[in-house]
Amino acid sequence: MRFLMDAEQRAFSASLDAMLTAADTPAVIRDWSRGDHVRGRALWARVAEAGVFALAVPEAYEGLGPRPVELALAFVELGRHAVPGPLVETVAAAALLAGLDDQGPAKRWLPVLASGESAATLTTGPYALDADMAGLRLTISPSPSGPAALAPTELRLAPPPGPPLPSLDPARRLFPAAPHRGELLATDPASLTPALLLARLTTAAQALGVGLALLARTVSYVRQRTQFGTPIGSFQAVKHRLADAEIALEFARPLLLGAALTMDPRDVAAAKVTACETAYATARTALQLHGAIGYTAECDLSLWLTKARALRTAWGGPDECRAAVLLSGGRHC
C-alpha cells in the first residue's frame, strides 16, 4: 500500500523541518544535557505554537485532535532534528487525561499542554524522563494494596523529583520515579491503553526521523572523507551499506503511517520494532563510516547515535514488540 501525504500534511512537515533547521538544535541539546532548559523551553514553545501538542488534545480542551497521523508526521521531524524533552510523554499524558471519567484533571492540564505552557512526564517504570522541567508528572503503577498482577492500576500526580540519574542519552535526563506517592487521579483508567499505544507510535516516528538524519549526515560525510585520494562514498562497500540503510528506512515509513491510521496494537508494535531496529542499524552504519570521530561527544553525530539507542527500548523493547505481533496471530510476520 502506498501512503501519500496530502498538501496540508506536506506543508506541515515542511514548516516543522524549516523551523527546526533554523533552531540550531545541537546547541539546544547540549544545553539541555547540562540541565540548562532556557533555549530548550523556547524551542518547546515554538513546537507548541506549530500545533504539535494540540494534535493530541481534543477540541473540547483547546486542542486539534486526536490526530495520530499528523502526530506521527510531526514526530518524524522532531526525531530528525533530535529535539530534546519529554515529547512522547507529553502527548501520551494528554491522551490519558482526555479519557478519564473525572474531567477535572483534563480541564486543568490539557489546555496548558496544548499551548506548550507546560510539559508532562509519564512513567510506568522506575525512571521519569525530564521530570525537572515538566510541570505535570504522572506515574502509573499497581496499587500497593495487593499482588501486582491483581492490584488495580493507579494514576497519580507525582511529587517533585530528586537528583538526576546517569542516562545513556544525556539529552534524555532520567529521574527516580515516585510510585504510590502524590495525588490519586484515577484507578484503572480506561484511557491507559490508548495512551500507551500513542506513546509507542510517536516513539517509532521519532526513531524513524533519527534514522533519516543519521543517513543524511553519513551520506554527506562520505562524500567529503577521502582515502587514497578518493572520497570513500565512491567505494562499492560503502554504497551498499548506505543503500541497505535507505531501503530499510523506506520500508519502515509505510508501517508507521499504516499504524497511525489503524492504531491497532499489532500494527503499532510492528511499526515500533521496525522503525527502532532500523534506526539502530543505521546508527551502527553511521558510526562505522564516520570512523573514530563518530565516537567523540564533540561530533554532532553522537547526539543522534545515543538517541537511536535509547529509543530502541523506550515504551517497549524489540522483544516485547515482537511478542505483541506474534502472539496476536503473526499478521506482520
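So, here is what we can say about the structure in this document. Everything numeric in this text was worked out from a predicted model, so none of it was measured.

### Quick notes on the overall build of the protein chain
Then step 1. When you go through the protein chain residue by residue, the secondary structure sums to 11 helices and eight strands.
Then step 2. Along the longest, intermediate and shortest principal axes, the C-alpha atoms of the protein chain span 70 × 45 × 45 Å.
Then step 3. Taking all 333 residues of the protein chain together, 53% fall into the buried category.
Then step 4. Sequence separation of at least 24 residues holds for 71% of the intrachain contacts in the protein chain that already meet a minimum separation of 6.
Then step 5. Treating the 31 positive side-chain charges of the protein chain as one cloud and the 31 negative ones as another, the clouds have centres 6 Å apart.

### A closer look at helix H10 (residues 301–313)
Then step 1. When you tally the buried positions in H10, you get 10 out of 13 residues, the bulk of the element.
Then step 2. Turning to H10, its buried residues number three or more, namely Leu301, Ser302, Leu303, Trp304, Leu305, Lys307, Ala308, Ala310, Leu311 and Arg312.
Then step 3. As for H10, its buried residues are in contact with helix H2 (25–33), helix H4 (68–80), helix H7 (192–224), helix H9 (265–290) and helix H11 (318–326).
Then step 4. Note on H10: the residue one or two positions beyond its end, Trp315, has a positive phi of about 55 degrees.

### Remarks on the sheet that holds strand S6 (residues 183–187)
Then step 1. Strand order in the open sheet made by the four strands is S1-S3-S4-S6, with mixed pairing throughout. The sheet terminates laterally at strand S1 (120–123) and S6, the two strands that pair on one side only. Strand-to-strand, the axes of this sheet are offset by a mean angle of 20 degrees, without reference to chain direction.
Then step 2. In terms of strand pairing, strand S3 (residues 136–142) meets strand S4 (residues 153–157) through five bridges, oriented antiparallel.

### Thoughts on the side chain of His290
Then step 1. Relative to the elements of secondary structure, His290 occurs in helix H9.
Then step 2. On the basis of relative accessible area, His290 is assigned to the buried category, the value being 6%.
Then step 3. Sequence-distant contacts of His290, that is, excluding residues within four places in its chain, are made with Arg217, Thr218, Tyr221, Arg225 and Leu301.

### Quick notes on the nonpolar core
Then step 1. Counting residues in each nonpolar core, the largest one holds 80 residues, and the members touching the most others are Val52, Phe75, Leu97 and Leu138.
Then step 2. If you tally residues by element for this core, the top one is H7, at 12 residues.
Then step 3. Not counting residues up to four positions away in its chain, the partners in contact with Leu138 are Ala93, Leu97, Thr121, Leu122, Thr123, Leu155, Arg156, Leu157 and Leu185.
Then step 4. Counting residues in each nonpolar core, the second largest holds 18 residues, with Ala171, Val210, Ala283 and Ala286 among its members.

Conventions adopted
Residues numbered from 1 in each chain as written. Predicted model: local features only at pLDDT ≥ 70, side-chain atom pairs only at ≥ 80, totals over all residues. Heavy atoms only, no water. Helix = DSSP H or I, 4+ residues; strand = E, 2+ residues; numbered from the N terminus. Buried < 20%, exposed > 50% of the residue type's maximum accessible area, 1.4 Å probe, protein only. Contact = heavy atoms within 4.5 Å. Lys, Arg positive; Asp, Glu negative; His and termini not counted. Charge placed at Lys NZ, Arg CZ, Asp CG, Glu CD. Pairing = 2+ DSSP bridges. Axes fitted to C-alpha atoms, helices over the stretch in contact; angles between N-to-C directions. Core = buried A, V, L, I, M, F, W, Y, C linked by side-chain atoms within 4.5 Å.

Geometry only, nothing functional implied.
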